[in-house]
Protein chains: 2
Amino acid sequence: MTRMGRSKGRMSARPHRRRLPSTAALQVLLAIAERGSTSAAAESIALSQSAVSKQLLGLEELIGSPAFVRTPHGMVATEVGRIYIEHARTALKAMEDAALLAARLKPGPRVLRLQVPPIFGDRWLLPRFMSFSDEHPDIEVQFTTFISPQQSEMPDGIFQFCITPMADSESFYLFGNDVLLVSAPSYFERYGMPRTLDDLSGGVMLEHPQTPFHWQHFAAHHHRAELAMRHTTRFGYYTMVIRAALAGQGMALIPRELITDELASGRFINPGGFTYPSAYGYWFVTPPNARQSGSMNAFKAWLNGQMR
Amino acid sequence: MTRMGRSKGRMSARPHRRRLPSTAALQVLLAIAERGSTSAAAESIALSQSAVSKQLLGLEELIGSPAFVRTPHGMVATEVGRIYIEHARTALKAMEDAALLAARLKPGPRVLRLQVPPIFGDRWLLPRFMSFSDEHPDIEVQFTTFISPQQSEMPDGIFQFCITPMADSESFYLFGNDVLLVSAPSYFERYGMPRTLDDLSGGVMLEHPQTPFHWQHFAAHHHRAELAMRHTTRFGYYTMVIRAALAGQGMALIPRELITDELASGRFINPGGFTYPSAYGYWFVTPPNARQSGSMNAFKAWLNGQMR
DNA sequence: CCTCGCTAGTCGAAATTGTCATAGGGGGCA
DNA sequence: TGCCCCCTATGACAATTTCGACTAGCGAGG
């Protein structure tokens, strides 16, 4: 906020405080980018949909141009939006890093910093996390979704999506190999209930390039590597693949454990029972040479308990 | 701000919005770090002293420990404070970079991004800048104080403090070579009016390691390179050197043009007329291969006018 | 003892942010 | 075509945060 006392007026040249987005606005920006709508973003960041909308509109006014194009299928980042999204990540990561470094200076039970892919956090970890907090109210856990090839601050534990973690780290498998081909009932009502892979290949596939649950893996597993999908839509975030599949825009390959609620409620169906065992899965990894702490031991014990 | 509706309570595990410092708090943090007090910081960021104090206290509460130790000579960053200061720079720089990149996408007169050392900005450029804004209300100028060896975004122009800019850049000299040895009247009342370099060397020198206006340069110029100061106090910011000198804590070597007001008012005196011509000075530099724009031409013309 | 510069607190006002309720748009379906 | 669902954005209002004016109290310096 820029002010000159309380009077409105052109900014004096001398005292200078540049108008920059607020922290909350940056969080809103990232949440919308990753989840595709103000409603979905609201759910993940504990604000009402209208608060998210107002924050976004305020940010767009400050920026001087829209950050998203509003389409019937969701919010799509503009070029300016992409710039701000990227820099919002940098800014928010710096603040989280500062919090972690500062926490590590303090005595007492060690703060745990856990790196959590957004989809995993939203759909698996955070819904369960209350029970850890209840059991260990003295342990502070900080979550980050930010990943950089050259980590500025190594987290204490990483929920890593990979085939096998590096051999020198301590890790255990959570889930993810069991992958289903799903969509909304409405999709299959339009395209017909599939009985064979050829039936499937005539439809629409939804994919996230960096999350390797792709048709080609599925087809190869079923000895039909040469069979290609007629149409594939690709999204910038895996969260949006799932969201588009829920809207019936296509089929997606998704680990069973990420969509148990939707399977139970019928929002996702898996007609024909098509699945495949992915080489990829979610693992919990602690870095090499990480010193054991009481906090981490407690967390691992809890996590093991959750896997039963 | 973290909330759960309006009810106070422990954060739900599911919707998650991490409490991070506000943008304004980060700006306050940096301003205090660079200027040494809430009062001085307030002047540079267009807030009242009490608003700055409250922002700092709020940030310290959120962090959970003090960012500064309050000493009679000013605010001194704690270890936690230094962590946050560093990361505040990163975060604020990211936001400024986003603003610059976004502005560059827009049609119309090009936005100018100028890199300005804090001391230069506070004491020379910003007090004069109103006249440029008045003459060119259509040109948007963004200032940044952030310097990194590997610039993420190259500014359009740099107020550079150096001996000579790189030969491949276009540049012109502003001021800085004319350096005075000054302090507050109270200092000289305590230490005596100096008549020789030996008189001076018995006192206290205030220096900023990275700003090479040092006693050794001064002494070498006067053919007394072997003469050392009895006591030197070093500060993390050149702004704080000047501030400490104004408080009479020692003598400082300062370009005349940065302290014209203080010389006129008598807050700084230069008894004995001790000066030396520094090899260093402030230059205005445009990077190699920078394309000429109307905005830059207008700015350079204005700057030339200011030098007369 | 006085003065100066500082931080931090109180009070009241202003600004910002958030929620609730709702309008209106667009897509999908019967 | 009408209905339903999900969406964004707006208005009204309340809650919260932030700010400025003013001041108390501290410590250094003269």
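Presented here is an overview of the structure given in this document. (Residues numbered from 1 in each chain as written. Chains lettered and ligands numbered in written order. Predicted model: local features only at pLDDT ≥ 70, side-chain atom pairs only at ≥ 80, totals over all residues. Heavy atoms only, no water.)

## Thoughts on the sheet that holds strand β7 (residues 178–182) of chain B
Residue and element names in this part refer to chain B. With antiparallel pairing, the three strands of this open sheet are ordered in space as β10-β7-β11. In this open sheet, the two strands that pair with only one neighbour each are β10 (252–255) and β11 (275–277). When strand polarity is set aside, the average angle formed by the axes of neighbouring strands in this sheet is 30 degrees. The pairing of β7 with β10 spans four bridges and is classified as antiparallel. Of the residues in β10, the one forming a bridge with L180 is I254. (Pairing = 2+ DSSP bridges. Helix = DSSP H or I, 4+ residues; strand = E, 2+ residues; numbered from the N terminus. Axes fitted to C-alpha atoms, helices over the stretch in contact; angles between N-to-C directions.)

## Considering the relation of the copies chain B and chain A
Rotating chain B by 180 degrees and translating it 0.0 Å along the rotation axis places it on chain A, where the RMSD comes to 0.1 Å. Such a combination of turn and shift is consistent with a two-fold rotation axis. Considering only C-alpha atoms, the part of chain B nearest the rotation axis is A91(B), at 1.9 Å. Both copies share a contact surface, since 100% of the interface residues of chain B are interface residues in chain A too. (Least-squares fit on C-alpha atoms with pLDDT ≥ 70 in both. Contact = heavy atoms within 4.5 Å.)

## Notes on the interface of chain B and chain A
At the interface, 50 residues of chain B touch 50 residues of chain A. Buried surface at the junction of chain B and chain A, both sides included, amounts to about 4,600 Å², of which 62% is carbon and sulfur. On inspection of chain B and its partner chain A, the count reaches zero salt bridges. Across the chain B-chain A interface, the total number found is five residue pairs in polar contact (both at pLDDT 80 or more). Contributions of two or more residues to the side of chain B that touches chain A are made by α1 (23–35), α2 (38–45), α4 (79–104), α5 (118–135) and β4 (141–144) of chain B. By residue class, the composition of the side of chain B that touches chain A is 26 nonpolar, 12 polar and 12 charged. (Buried area = accessible area lost by both parts, 1.4 Å probe. Salt bridge = Lys/Arg side-chain N within 4 Å of Asp/Glu carboxyl O. Polar contact = N/O pair within 3.5 Å; in protein donor to acceptor, adjacent residues only side chain to side chain. Nonpolar A, V, L, I, M, F, W, Y, C, P; charged D, E, K, R; others polar.)

## So, the pairing of strand β4 (residues 141–144) of chain A
The two faces of β4(A) match: V141(A) and F143(A) on one face and Q142(A) and T144(A) on the other face are all buried. Once you follow strand β3 (residues 112–115) of chain A into helix α5 (residues 118–135) of chain A and on to β4(A), the crossover reads as right-handed. (Buried < 20%, exposed > 50% of the residue type's maximum accessible area, 1.4 Å probe, protein only. Right-handed = clockwise from strand over helix to strand, strands pointing away.)

## Quick notes on the nonpolar core
Considering soluble globular proteins, one finds that nonpolar side chains tend to be buried as a cluster. Counting 67 residues, the largest nonpolar core has L29(A), F68(A), L29(B) and F68(B) as its most contacted members. If we skip the residues at most four places from it in the chain, F68(A) touches L29(A), I32(A), A33(A), L56(A), E60(A), M75(A), V76(A), A77(A), T78(A) and I85(A). (Core = buried A, V, L, I, M, F, W, Y, C linked by side-chain atoms within 4.5 Å.)

## Observations regarding the sheet that holds strand β5 (residues 157–162) of chain A
All names here are of chain A. The sheet built from five strands is open, its strands ordered β4-β3-β5-β12-β6 with mixed pairing. Taken across any chain shown, the strands that pair with only one partner, and hence form the sheet edges, are β4 and β6 (170–175). The sheet shows a mean angle of 25 degrees between the axes of neighbouring strands, taken without regard to direction. Pairing of β5 with strand β12 (residues 281–286) involves five bridges; the strand directions are antiparallel. Paired with Q160 across the bridge in β12 is W283. Along the sheet, helix α4 (residues 79–104) contacts β3 and β4; its crossing angle with β4, the most-contacted strand, is approximately 155 degrees. The strands touched by α5 are β4, β5, β6 and β12; relative to β4, the strand with the most contacts, the crossing angle is about 170 degrees.

## Side note on the packing of helix α2 (residues 38–45) of chain A against helix α3 (residues 49–63) of chain A
All names here are of chain A. Interhelical geometry of α2 versus α3 gives an angle of 110 degrees and a closest axis separation of 8 Å. For the element pair α2 / α3, the angle class is roughly perpendicular. In this structure, α2 uses T38, S39, A41, A42 and I45 to contact α3, whose residues at the interface are Q49, V52 and S53. (Parallel < 35°, antiparallel > 145°, perpendicular 65-115°, else oblique.)

## Structural notes on the pairing of strand β2 (residues 74–77) of chain B
Residues and elements named next belong to chain B. Strand direction decides the pairing type here: strand β1 (residues 68–71) and β2, joined by four bridges, are antiparallel. If you follow T71 over to β2, its bridge partner there is G74. Turn length for the β1-β2 hairpin, with the two strands adjacent in sequence and antiparallel, is two residues.

## A closer look at the packing of α5(A) against helix α9 (residues 238–246) of chain A
Residues and elements named next belong to chain A. Two elements in contact, α5 and α9, have axes whose closest approach is 8 Å; the angle formed by their N-to-C orientations is 55 degrees. Here α5 is positioned oblique relative to α9, judged by the angle of their axes. From α5, I119, D122 and R123 reach across to α9, where they touch Y238, T239, I242 and L246. The class makeup of the residues in the contact of α5 with α9 is four nonpolar, one polar and two charged.

## Points about the side chain of Q142(A)
All names here are of chain A. Here Q142 is to be found in strand β4. The exposure class assigned to Q142 is buried, which follows from its relative accessible area of 3%. There is a polar contact of 3.3 Å between the side chain of Q142 and the side chain of E140.

## Here we look at the packing of aromatic side chains
Residues and elements named next belong to chain B. Tallied over the entire structure, the rule returns 52 aromatic pairs over all chains. Ring geometry for F159 and F299: centres 6.2 Å apart, planes at 80 degrees, overall edge-to-face. One end of the pair, F159, is in strand β5 (residues 157–162); the other, F299, is in helix α11 (residues 294–306), with 140 residues separating them in the sequence. Judged by relative accessible area, which is 0%, F299 ranks as buried. When the centroid spacing of 5.4 Å and the interplanar angle of 20 degrees are considered together, the rings of F161 and Y280 count as stacked. On the criterion of sequence distance, the pair formed by F161 in strand β5 and Y280 in the loop between β11 and β12 (281–286) is long-range, its members being 119 residues apart. The exposure class assigned to Y280 is partly exposed, which follows from its relative accessible area of 26%. (Phe/Tyr/Trp six-rings, centres within 6.5 Å; stacked < 30°, edge-to-face > 60°.)

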